[in-house]
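This is what each chain is made of:
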Amino acid sequence: MAQGIKDKVAILGMGCSKFGEHWDKNAEDLIVDAYEECLTDAGIETSQIDAAWFSTAFEEQHVGKSGIPLAMALRLPYIPVTRVENYCASGTEAFRGAVYAVASGAADIALATGVEKLKDTGYGGLPQRSRGVVNDMVIANASAPGSFAQLASAYRTKHGVDAQDLKRSMAQVSVKSHANGAKNPRAHLRREITIDTVLNAPMVAEPLGLYDCCGVSDGAACAIVTTPEIARSLGKKDLISVKALQLSVSNGVEAGHNSWDGSYLMTTRKAAEKAYREAGVEKPRDEISMLEVHDCFSITELVTMEDLYLSQEGEAWRDILDGVYDADGAVPCQIDGGLKCFGHPIGASGLRMLYEMYAQLLGRAGDRQLEDPRLGLTHNLGGFPHQNVASVSIIGACDT
Amino acid sequence: MTGITAFGAYVPKLRLSRKAAVEANGWFNPSLKGLAKGERSICYWDEDALTMAVEAARDCLADRDRATIGRVTLASTTLPFKDRQNAVILAEALNLDDNIASLDIASSLRCGTSALLTAFDTVKANDGGHVLVASGEHRSAKAASPQEMQYGDAAAALLVGAQDVIAELVGHHQVAVDFVDHYRGETERFDYYWEERWARDEGLLKIVPAAIQELLAKTGTAADQIAHFIAPVAAASAGKICKMTGIPDSALADNLAAVMGESGAAHPLVMLANCLHNAGPGETILVIGYGQGCDAVLLRTTDLIARAAKPTGVPGALARRREETNYNRYLAFNDLIIQEKGIRSELDKQTAVSALYRNRDMVLGLIGGRCEACGTVQFPRTKACVNPNCGKFHTQEPYPLSDVSAHVQSWTADNLTYSPDPPHHFGMIVFDDGGRLMMDLTDVEAGTVDVNMSVRMMFRVKDYDERRGFRRYFWKAAPALT
């Protein structure tokens, strides 16, 4: 196996805008909000950045194509800027690009920025777009919640879970995230809810109700990365380094071969296995201190707990009801509110998750600070359960 | 011998209660109240004359060898395309060979019977291949009109050939006369009708009896020999024609008015399919097509009819029924009201016809692939096998999936995505032979779908491109026939 990325790259600074419905801001404004915080945290000048990666998913909805919008928003000094898009893993992809550039030695300092300005469509939910001229002729007319709702019917069937029990467990996923989000001043949704709020909400896509779905938000997040050596030379003491960065992309087996039963995410499992190996994690439930997973929908978070090998297969729904993933549970999950409440500006989400893990590892998380976290895991899932992109990243205190 | 060798029919599952329509419109047109009996068939939002014709043809052909079909004729006054041959789409959906003749026949309510007569001529001239005659009609009528109450949507298909005939052509007579009881101009959506009494007394009851008498004389048939009189007209008028021609009242075939309504050009063929379903050997059948003249066709069933495999046919199609009591839904499905559909409905549905042509076997024929190396059936048929233990390149032979049964692996009822009939049901559909597809469901009611439900493929409209007048077709999963 390749050497992997562990401890080769450190985070020099991070920034994140407030997520939400920013009726008064353009994407470029959000980028600047996140970048100013990030640059201050890093303690460098823009001129010291060698290369940048820029992630956004629905570019036609706001900034348009290419790396140019980032270069223009920050007046970057004619450096390389690469625009990346990989569904909801886009933000993590920007981070991966910057980290690999530093690890390769091609860049000393690299910037990753993600942004999404979604609230200009005129309707709630994600923008609905063509999926390509051939796909449009055959694939189902599906919304994002409709696609992820598929997991619920397959999970119920495979594990013999009663629909009401599963719905209740899914509700707890959202109740927990709302409790966390209420404590976070930058979160989009800051209201505590009860299980009954979730159970009584209007149905979006059976069995996902309104509170089973994450917010659609505007926002930006960014990271500046460098080598541990350079970070130290710049005066950084408590270094947070990258332990693992893995990505797995569907090749059509789930969508086209009957070996997949529809109840789990094949990609998340593959990415998790490799990430744990890369980071040297042997017992994830004991070693992972906290995590931010891709809770686009409550059912997604539920099955992800199994796909990350934190819950036994068929048991996540019970673990959730038992509070394992609550803020005071064994493995706190979505401590910043998650996609559910912090919000989900697609291109920024992966970086937003890392921002929270970074803040927690540095003890900067204020009211929601966890006790002595060691390793933080982030997970993105883009696309549909039967055809998707999954990323798993792990960061922690630098060991070198 | 030239005649019909197989038959099939299709009636949409939805039946509009006429009472519901009269409750909505009786205030405006009290004369409708006399029509508030029974129900009429209505297309679901994703059905049209072509999709119904495809289903009728599939019912007719079942597992017959389709390679013997040399010509496909589609008859309708409500064809979805004015300039893009509709019959060829039917042929593609049936996965027929490219080297066949195909033809649309239109413009008169007797085009269904005329298409059948043309098929007899073709078979007689060529003595060999089969001709598939299909007719579907998705009728259009203004709200609160009597036509709205009388019309129905349906399709029928007949296979015409020289061997294994179940109903032999005895003779026919045609009359061409420009009697205009109603018409629909090139740019119009709806029929324009002249006075009913004139239409009946001066037209129908003069033209049809005369044509019948010519035919009976021509073939040396006595009127009382007719066992089944198929007249796609009101029962009272049909009764009068019997009296005028000597055909026994007992021969009058059910015009299906009570259960589905009158399906235009398709109707004589639908009634004929219904008649053949229960006909015994040696029975004489007279079929009438009426509109700007008359087609009178005399058939006689053969001994084979008793042994021939039965299709789902009209009785089966009628049994597959769901009552619609919401008149507004009928209006919406037929574009008869202006609805607020929301911004999501504005998604551009343009079809790249170049891509459609390149992928037409996949889209219109639901052709998947089967890997010659490992045997895995898959959809779509791509260059590399999807089996994770194979993955070989260039090994897939075409594999049709439209007649393969399947079941639901996962599903949802989606209220967010735009659908003309929310919530939109879709799910992962797994074929019994292997292969799967996340596909749209159709003809389902909320609360009736579940994992492991058996489904069958049906040819439907996937999207309407209202801006450009195009519609794209694909296959959807519908509950299997029980």
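It should be emphasised that the depicted structure is a prediction, and the values quoted were computed from it without experimental measurement.

1. Quick word on the overall build of chain A
So, step 1. Across its full length, chain A carries 15 helices and 11 strands.
So, step 2. Computed over the C-alpha atoms, the radius of gyration of chain A is 20 Å, within 12% of the 21 Å expected from 2.2 N^0.38 for a compact globule of 400 residues.
So, step 3. Across its three principal directions, the C-alpha atoms of chain A cover 55 × 45 × 40 Å.
So, step 4. Considering chain A as a whole, with its 400 residues, one finds that 63% of them fall into the buried category.

2. Observations regarding the overall build of chain B
So, step 1. Helix and strand counts for chain B stand at 12 helices and 22 strands.
So, step 2. Projecting the C-alpha coordinates of chain B onto the three principal axes gives extents of approximately 75 × 55 × 40 Å.
So, step 3. Considering only intrachain contacts with a sequence separation of at least 6, the fraction spanning at least 24 residues in chain B is 72%.

3. Details of the sheet that holds strand E12 (residues 284-290) of chain B
All names here are of chain B.
So, step 1. Spatially, the 9 strands line up as an open sheet ordered E5-E4-E6-E7-E1-E8-E13-E12-E11, and their pairing is mixed. Two strands in the sheet have a free side with no partner beyond their single neighbour: strand E5 (101-105) and strand E11 (226-230). Here the average twist between neighbouring strands, direction ignored, is 25°.
So, step 2. As judged from the 4 bridges shared by E11 and E12, these two strands associate in the parallel manner. From the neighbouring strand, His228 faces E12, where its bridge partner is Ile285.
So, step 3. Seen against the sheet, helix H2 (residues 49-61) touches strand E1 (3-10), strand E4 (69-75), strand E6 (130-137) and strand E7 (154-161) and runs at an angle of roughly 45° to E7.

4. Comments concerning the interface of chain A and chain B
As a measure of interface size, the accessible area lost when the parts come together is often cited.
So, step 1. If you look at the interface, chain A gives 34 residues, while chain B gives 41 residues.
So, step 2. For the side of chain A that touches chain B, the secondary structure elements donating two or more residues are helix H4 (135-138), helix H5 (144-159), strand E5 (203-205) and helix H9 (253-256) of chain A.
So, step 3. Per element, the largest residue contribution to the side of chain A that touches chain B is 7 residues, and it comes from H5(A).
So, step 4. Looking at side-chain class alone, the side of chain A that touches chain B contains 16 nonpolar, 17 polar and 1 charged residues.

5. Details of the environment of Ala296(B)
All names here are of chain B.
So, step 1. Note that Ala296 resides in strand E13 (residues 293-301).
So, step 2. For the pair Ala296 and Gly171, spaced 125 residues apart in sequence, the C-alpha to C-alpha distance is 8.5 Å.
So, step 3. With residues up to four places along the chain from it excluded, the contact list for Ala296 reads His172, His173, Ala211, Ile212, Leu215, Leu286 and Ile288.

6. A look at the sheet that holds strand E8 (residues 240-249) of chain A
All names here are of chain A.
So, step 1. The 9 strands are arranged E3-E2-E4-E7-E1-E8-E11-E10-E9 in an open sheet whose pairing can be described as mixed. Since the sheet does not close on itself, it has two edges, and those belong to strand E3 (81-84) and strand E9 (290-292), each with one partner. Looking at each pair of strands side by side, their axes are set apart by 25° on average, direction ignored.
So, step 2. As paired elements, strand E1 (residues 10-16) and strand E7 (residues 219-226) share 6 bridges and run antiparallel to each other. Directly across from Ala10, in E7, lies its bridge partner Thr226.
So, step 3. Lying on the sheet, helix H3 (residues 90-104) is in contact with strand E2 (51-55), E3, strand E4 (109-116), E7, E8, strand E10 (375-384) and strand E11 (387-397); it crosses E4 at an angle near 170°.

7. Comments concerning H5(A)
Residue and element names in this part refer to chain A.
So, step 1. Over its 16 residues, H5 runs 24 Å from end to end, which matches the ideal 22 Å to within 8%, given 1.5 Å per residue.
So, step 2. Across the 16 residues of H5, 13 count as buried, placing the element largely inside the fold.
So, step 3. Downstream of H5 by one or two residues, Gly160 has phi in the positive range, about 60°.

8. Examining helix H3 (residues 86-93) of chain B
So, step 1. Burial analysis of H3(B) places 7 of its 8 residues in the buried class, the great majority of the element.
So, step 2. One or two positions beyond H3(B), positive phi appears at Asn95(B), with a value near 55°.

9. Details of the pairing of E8(A)
All names here are of chain A.
So, step 1. Most of E8 is tucked away, with 9 of its 10 residues classed as buried.
So, step 2. Where E1 lies against E8, 2 bridges are found, and the strand directions are antiparallel. For Ala10, the partnering residue across the bridge sits in E8 and is Ser241.
So, step 3. Sheet topology places E8 next to E11; 9 bridges connect them, and they run antiparallel. Paired with Gln246 across the strands is Val392, a residue of E11.

10. Points about the confidence of the model for chain B
Should pLDDT be low for a region, the predicted coordinates there are not to be read in detail.
So, step 1. Model confidence for chain B is summarised by a mean pLDDT of 97, while 100% of its residues fall at 70 or above.
So, step 2. The ipTM for the predicted assembly is 0.95, set against a pTM of 0.96.

11. Some thoughts on the nonpolar core
So, step 1. The biggest cluster of nonpolar side chains holds 136 residues, and the ones touching the most others in it are Ala98(A), Ala110(A), Cys222(A), Ala223(A) and Val225(A).
So, step 2. Residue contributions to this core peak at 10 residues, all from helix H15 (residues 346-361) of chain A.
So, step 3. Sequence-distant contacts of Ala110(A), defined by excluding residues within four places in its chain, comprise Ile49(A), Asp50(A), Ala51(A), Ala52(A), Ala98(A), Ala101(A), Val102(A) and Val225(A).
So, step 4. Counting residues in each nonpolar core, the second largest holds 131 residues, with Ala255(A), Ile4(B), Ala57(B) and Ala154(B) among its members.

12. A word on unusual backbone geometry
With glycine set apart, most residues show a phi of negative sign, and most peptide bonds adopt trans.
So, step 1. With omega at -5°, the peptide bond leading from Phe379(B) into Pro380(B) counts as cis.
So, step 2. Examined against the element boundaries, Pro380(B) turns out to sit in the loop between strand E16 (377-378) and strand E17 (396-400).
So, step 3. Following Pro422(B), the chain continues into Pro423(B) via a peptide bond in cis, with omega recorded as -5°.
So, step 4. For Pro423(B), the location among the structural elements is in the loop between strand E18 (406-414) and strand E19 (424-431).
So, step 5. Look at Gln334(A): it is not a glycine, yet its phi comes out positive at around 60°.
So, step 6. Its location among the elements puts Gln334(A) in the loop between helix H13 (316-321) and helix H14 (338-341).
So, step 7. In this structure, Ser107(B) is a non-glycine residue whose phi angle is positive, near 75°.
So, step 8. Tracing the backbone through its elements, the reader meets Ser107(B) in the loop between E5 and helix H4 (111-126).

13. Some remarks on the packing of H3(A) against H15(A)
All names here are of chain A.
So, step 1. Running from N to C, H3 and H15 point in directions that differ by 65°, and their axes come no closer than 5 Å. Taking contact as the criterion, the partners of Ser90, Gly91, Thr92, Ala94 and Phe95 in H3 are, on H15, Ile346, Gly347, Ala348, Ser349, Gly350, Leu351, Arg352 and Leu354.
So, step 2. When the residues that make up the contact of H3 with H15 are grouped by side-chain class, the tally is 6 nonpolar, 6 polar and 1 charged.

14. With respect to the packing of H2(B) against H3(B)
All names here are of chain B.
So, step 1. Running from N to C, H2 and H3 cross one another at 45°; their axes reach a closest spacing of 10 Å. Judged on the interaxial angle alone, H3 and H2 are oblique. Seen along the crossing, H2 lies across H3 with a hand that is right-handed. On the side of H2, the interface is formed by Leu50, Ala53, Val54 and Ala57, while H3 contributes Asn86, Ile89, Leu90 and Ala93.
So, step 2. Each residue belonging to the contact of H2 with H3 can be placed in one class, and the counts come to 7 nonpolar, 1 polar and no charged.

15. Re the pairing of E19(B)
Consecutive side chains of a regular strand alternate in pointing toward one face of the sheet and then the other.
Residue and element names in this part refer to chain B.
So, step 1. Of all the 8 residues making up E19, 8 are buried; the element is thus mostly covered by neighbouring parts of the structure.
So, step 2. Taken together, the 8 bridges between E18 and E19 define a ladder with antiparallel strand orientation. Within the sheet, the bridge partner assigned to Ala406 lies in E19 and is Phe431.
So, step 3. Pairing between E19 and strand E20 (residues 436-440): 5 bridges, direction antiparallel. The partner of Gly427 across the bridge, within E20, is Met439.

16. Some points on the environment of Ala273(B)
All names here are of chain B.
So, step 1. The topology assignment puts Ala273 in helix H8 (residues 267-278).
So, step 2. Of the residues examined, Ala273 has 29 C-beta atoms within 10 Å and is grouped as buried.
So, step 3. The sequence separation of Ala273 and Val455 amounts to 182 residues, and the corresponding C-alpha distance is 25 Å.
So, step 4. Sequence-distant contacts of Ala273, defined by excluding residues within four places in its chain, comprise Phe7, Gly8, Ala9, Ala156, Gly313 and Val314.

Parameters and conventions
Residues numbered from 1 in each chain as written. Chains lettered and ligands numbered in written order. Predicted model: local features only at pLDDT ≥ 70, side-chain atom pairs only at ≥ 80, totals over all residues. Helix = DSSP H or I, 4+ residues; strand = E, 2+ residues; numbered from the N terminus. Rg over C-alpha atoms; globule rule 2.2 N^0.38 Å. Buried ≥ 20, exposed ≤ 12 C-beta atoms within 10 Å, placed from the backbone. Contact = placed C-beta atoms within 7 Å. Pairing = 2+ DSSP bridges. Axes fitted to C-alpha atoms, helices over the stretch in contact; angles between N-to-C directions. Nonpolar A, V, L, I, M, F, W, Y, C, P; charged D, E, K, R; others polar. Expected span 1.5 Å × (residues − 1). pLDDT = per-residue confidence, 0-100. Core = buried A, V, L, I, M, F, W, Y, C linked by C-beta atoms within 7 Å. Parallel < 35°, antiparallel > 145°, perpendicular 65-115°, else oblique. Left-handed = near helix turned anticlockwise from the far one by under 90°.

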